[in-house]
Amino acid sequence: MTSRLFTKNKRVILYGAALAVLLFLLKWLEFHFIIINNAYEVYIGAIALFFTLLGIWLALKLTKPKVQTIVVEKPVYINDVSGFSPNLRELERLNLSRRELEVLELMAEGLSNQEISARLFVSLNTIKTHSSNLFDKMEVKRRTQAIEMAKRLCIIP
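Colleague: Just give me the short version of a nonpolar patch on the surface, but keep the residues and values in it.
Modeller: A surface patch of nonpolar side chains, about 760 Å² in accessible area, is lined by Ile-47, Phe-50, Phe-51, Leu-54, Trp-57, Leu-58 and Leu-62. The topology assignment puts Leu-62 in helix 3 (residues 39-63). Classification of Leu-62 as exposed rests on a relative accessible area of 65%.

Colleague: Which residues make up the packing of helix 5 (residues 98-108) against helix 6 (residues 113-120), and what are the values?
Modeller: Contact geometry of helix 5 with helix 6 gives a least axis separation of 10 Å together with a crossing angle of 130 degrees. Comparing their axes, helix 6 and helix 5 come out oblique. Note that helix 5 runs across helix 6; the crossing there is right-handed. On helix 6, the residues touching Arg-99, Glu-102, Val-103, Leu-106 and Met-107 of helix 5 are Ile-116, Arg-119 and Leu-120. A breakdown of the residues in the contact of helix 5 with helix 6 according to their chemical character gives 5 nonpolar, no polar and 3 charged.

Colleague: So what's going on with the side chain of Ser-131? Which residues, and what values?
Modeller: Among the secondary structure elements, Ser-131 is positioned in helix 7 (residues 124-138). If we ignore the near neighbours within four places in the chain, the residues touching Ser-131 are Val-103, Met-107 and Asn-113.

About the criteria used
- Residues numbered from 1 in each chain as written.
- Predicted model: local features only at pLDDT ≥ 70, side-chain atom pairs only at ≥ 80, totals over all residues.
- Heavy atoms only, no water.
- Patch = residues over 30% accessible without salt bridge, like charges linked within 9 Å, V, L, I, M, F, W, Y side chains within 5 Å.
- Areas by Shrake-Rupley, 256 points an atom, 1.4 Å probe, with all protein chains shown as cover.
- Salt bridge = Lys/Arg side-chain N within 4 Å of Asp/Glu carboxyl O.
- Helix = DSSP H or I, 4+ residues; strand = E, 2+ residues; numbered from the N terminus.
- Buried < 20%, exposed > 50% of the residue type's maximum accessible area, 1.4 Å probe, protein only.
- Axes fitted to C-alpha atoms, helices over the stretch in contact; angles between N-to-C directions.
- Parallel < 35°, antiparallel > 145°, perpendicular 65-115°, else oblique.
- Left-handed = near helix turned anticlockwise from the far one by under 90°.
- Contact = heavy atoms within 4.5 Å.
- Nonpolar A, V, L, I, M, F, W, Y, C, P; charged D, E, K, R; others polar.

Structure (structure tokens):
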């Protein structure tokens, strides 16, 4: 199949190869004459390019920050939940129901809405409603904001 294709298009292939060789020779001669006629400028340009690249490399090498790993040991304090008493004044001010407070405490434990609904034996929509009411009363948009505010106000441990 390949030999038949070659014999059929032999003239076209030979003509294309001859043109490619001729083009290569012309470009080589053009480059050769440019180098000879403009040798001084070509050498100066090559030296300038070399020193520019050397300067960029050296600048990157010198300005690269030295990375050093520092290990810091800090004591971790665990809150004693047994002696915690919620701030009743803030609970009244926010007007949180007992169920909303339960939902908030379970959110603080890191449970998802599905897990909270399973633990409290209510539907997922009920938990979403309690969460929405909780966010409105606390004037927050996310669970993390609600938990952070509740801990700051001493509503949950």
